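Here's the letter readout for the chains.
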Amino acid sequence: MAAKETKLRTLHVQPDKIQDHSNDGVDDNKQHASFHPRHITLETFHNLLSHYPSTVERVHRGKLMLKLQSKAGKGSKRKGETKTELDPSQEKHILEETDKFLQLDRWRYETLPKIIAERANEGDQKGSVPEGAHLLKEELIDIMEWKTKHGVSRPMLMGMVKSNPVATITKSTSTAFASLPDVDPSVAPSDAFPKASLDALTAPIRGVGPATASLILSIATVFGDAKKQVPFYSDDVYLWLCLTDFPEGPNPEAQKLSKHKKPNGELIAKYNVNEYRDLWNASQELRARLNNSVRERSEDGSVSFIDIERAAYVLRNIAVSDYFTTQNPETGLKTEKLMDPAESQIAKETKDDSGELVTRRSKRRKHEAA
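Caption draft 1: The overall build of the protein chain, seen in detail. Regarding its fold elements, the protein chain presents 15 helices and 2 strands. Look at the contacts in the protein chain between residues 6 or more apart in sequence, and 67% of them connect residues 24 or more apart. As displayed, the protein chain offers around 19800 Å² of accessible surface, 51% of which is attributable to carbon and sulfur atoms.

Following this line, the structure appears as structure tokens:
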């Protein structure tokens, strides 16, 4: 019985080094790196982070493939056949849609934060546009599209967001951004929590709850004072930091079924302010600890909340990533075959400027509205 208990505990660690083993219940003579948020090393964290680009591509491509294969399967059943391969038109569709999402992903992480920062520095505005940082309606729609495609799809939210008046979105986001506390969370964590900003978004805007509100604030605070940055309440981060639900090793068959997720992958959570406060505190703690390691080693580049968000995404989708490839070449072969990354051309650097994405969508939506 003791041997079985030891085996179960050691499933939470991966081969590498870690300095603190006190709470792991693992033999100190074995070198390993834990994914536990209290013990993960800076090296392991950066390793996870480096796998985000390939992981997000594979995950999205996999979703599209499963959707098409499901439709193809239904059609083949009516004919008494089993279709396992996609035709050229379907492959083209997957390629194009994955490329579009990767542009949207870059827009969310890189382009939109710059746009909001520029608005904050513009000074006086003309017409009815609010002074300072704010969001346009089409930008909020694109944020919701990213959120539902990046995580678990929730189609109803998009319809609710689209029903909001333009003035409500611009005014509410302007108020929310202006209400962000100018407090160092390491000094006064309670005062630094952006409760007023969350309320300014969730009360007037339909389809925006605490999780989406935190996403909006996260995007708006990428640039500027680091102490005012806001973490996004993503399923991935909440699973990792608050529920300590993370991979148990390189063998997919050894993983336990998560009690925190529904069969479709949706998180079992209330998505309320109290849960977000837990995530806020846990994110602050992890970032502070990792950045202490950065300073101790005199390294450049501090850890941001976006870094934590992306690392958590890789953790949740680690079976699709190639994180364990160098340690065990056979790991994830079944998933690799499903994703068919060797034949994918999506890895090429897109020539389209991701900043053009929102311009095209804005023009389309204005045309539809007219």
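Read on for the rest.
Caption draft 2: Inspection of helix α6 (residues 155-162) at higher detail. Every buried residue of α6 is accounted for by L157, M158 and V161. For α6, the arc enclosing every buried residue in end-on projection is 100°, short of the 170-degree limit, so these residues lie on one face. Turned more than 90 degrees away from the buried face of α6, the exposed residues are P155 and M156. On the buried face of α6, the contacting elements are α5 (137-150).

Caption draft 3: Structural detail: the environment of K147. Position of K147 among the secondary structure elements: in helix α5. Along the primary structure K147 and T212 are separated by 65 residues, whereas in three dimensions their C-alpha atoms are 8.1 Å apart. Beyond its immediate sequence surroundings of up to four residues, K147 is in contact with R154, L157, T212, L215 and F232.

Caption draft 4: Fine view of helix α9 (residues 195-202). Within the sequence span of α9, burial applies to S197, L198, A200 and L201. The arc that holds the buried residues of α9, viewed along the axis, is 160°, so those residues lie on one side. Residues of α9 that are buried in the fold lie against α7 (166-178), α10 (210-220) and α12 (273-296).

Caption draft 5: Spatial organisation of the pattern of salt bridges. The tally for this structure, following the rule as stated, stands at 14 salt bridges. The residue D235 makes a salt bridge to R154 at a minimum N-O spacing of 3.7 Å. Remark: R154 occurs in the loop between α5 and α6 and D235 occurs in helix α11 (residues 235-242); sequence separation between them is 81 residues. R316 is paired through a salt bridge with D236; the nearest N and O atoms lie 3.2 Å apart. Separated by 80 residues along the polypeptide, R316 in helix α13 (residues 305-316) and D236 in helix α11 bring together distant segments of the chain. With a relative accessible area of 8%, D236 lands in the buried category. Connected via shared salt-bridge partners are R154, D235, D236, K262, E266 and R316.

Caption draft 6: Quick look at the environment of A120. Its place among the elements puts A120 in helix α4 (residues 88-120). Among the residues examined, A120 registers a relative accessible area of 44% and is labelled partly exposed. The sequence separation of A120 and H134 amounts to 14 residues, and the corresponding C-alpha distance is 8.0 Å.

Caption draft 7: Up close: the nonpolar core. If you look at the biggest cluster of nonpolar residues, it comprises 75 residues, and the most contacted ones within it are F45, L48, F177 and W240. The element that contributes the greatest number of residues to this core is α13, accounting for 8 residues. The contacts of F177, once residues within four sequence positions are left out, are I116, A133, H134, L135, I216, L217 and A220. Membership of the second largest hydrophobic core comes to 5 residues, among which are M65, L68, L86 and I94.

Caption draft 8: Structural view of the packing of aromatic side chains. Within the structure shown, the criterion is met by 12 aromatic pairs. Measuring from centroid to centroid gives 5.1 Å for Y233 and Y238, while their planes differ by 40°, and the two rings are tilted. Here the two residues Y233 and Y238 agree in accessibility, since each one is buried. These aromatic residues form a ring-pair network of at least three members: F193, Y233, Y238, Y271, Y276 and W280. The ring of W146 has R108 lying over it, and the distance from NZ or CZ to the ring centre is 4.7 Å. Sitting above the plane of the F305 ring, R287 keeps its charged end 4.0 Å from the centroid.

Caption draft 9: Local environment of the packing of α4 against α5. Contact geometry of α4 with α5 gives a least axis separation of 10 Å together with a crossing angle of 140°. Here the hand of the crossing between α4 and α5 comes out left-handed. Across from F101, L104, D105, W107, R108, Y109, L112, I115 and R119 in α4, the residues of α5 making contact are E139, D142, I143, E145, W146, K149 and H150. Residues belonging to the contact of α4 with α5 are distributed by class as follows: 8 nonpolar, 1 polar and 7 charged.

Caption draft 10: Region of the structure containing the packing of α4 against α10. Relative orientation of the contacting elements α4 and α10 amounts to 70°, with a least axis distance of 8 Å. What the angle tells us is that α4 and α10 run roughly perpendicular. Between α4, through R108, L112, P113 and I116, and α10, the contact on the second element is made entirely by L215, S218, I219 and A220. Taken together, the residues of the contact of α4 with α10 sort by class into 6 nonpolar, 1 polar and 1 charged.

Caption draft 11: Main features of the confidence of the model for the protein chain. Of the residues in the protein chain, 71% reach a pLDDT of 70 or more, and the chain-wide mean stands at 79. Low pLDDT, under 50, characterises residues 327-355; the predicted model gives this stretch 43 contacts beyond four residues in sequence or across chains. This stretch, residues 366-370, has a pLDDT under 50; its non-local contacts, to residues over four places away or in other chains, come to 1 contact.

Caption draft 12: Focus on unusual backbone geometry. Unusually for a residue other than glycine, T244 sits at a positive phi of about 45°. Inspection of the secondary structure assignment puts T244 in the loop between α11 and α12. Judged by its relative accessible area of 37%, T244 is partly exposed. Phi is positive for Y271, close to 55°, though the residue is something other than glycine.

Reading the values: rules and limits
- Residues numbered from 1 in each chain as written.
- Predicted model: local features only at pLDDT ≥ 70, side-chain atom pairs only at ≥ 80, totals over all residues.
- Heavy atoms only, no water.
- Helix = DSSP H or I, 4+ residues; strand = E, 2+ residues; numbered from the N terminus.
- Contact = heavy atoms within 4.5 Å.
- Areas by Shrake-Rupley, 256 points an atom, 1.4 Å probe, with all protein chains shown as cover.
- Buried < 20%, exposed > 50% of the residue type's maximum accessible area, 1.4 Å probe, protein only.
- Arc of directions from axis to C-beta.
- Salt bridge = Lys/Arg side-chain N within 4 Å of Asp/Glu carboxyl O.
- Core = buried A, V, L, I, M, F, W, Y, C linked by side-chain atoms within 4.5 Å.
- Phe/Tyr/Trp six-rings, centres within 6.5 Å; stacked < 30°, edge-to-face > 60°.
- Lys NZ or Arg CZ within 6 Å of the ring centre and 35° of its normal.
- Axes fitted to C-alpha atoms, helices over the stretch in contact; angles between N-to-C directions.
- Left-handed = near helix turned anticlockwise from the far one by under 90°.
- Nonpolar A, V, L, I, M, F, W, Y, C, P; charged D, E, K, R; others polar.
- Parallel < 35°, antiparallel > 145°, perpendicular 65-115°, else oblique.
- pLDDT = per-residue confidence, 0-100.

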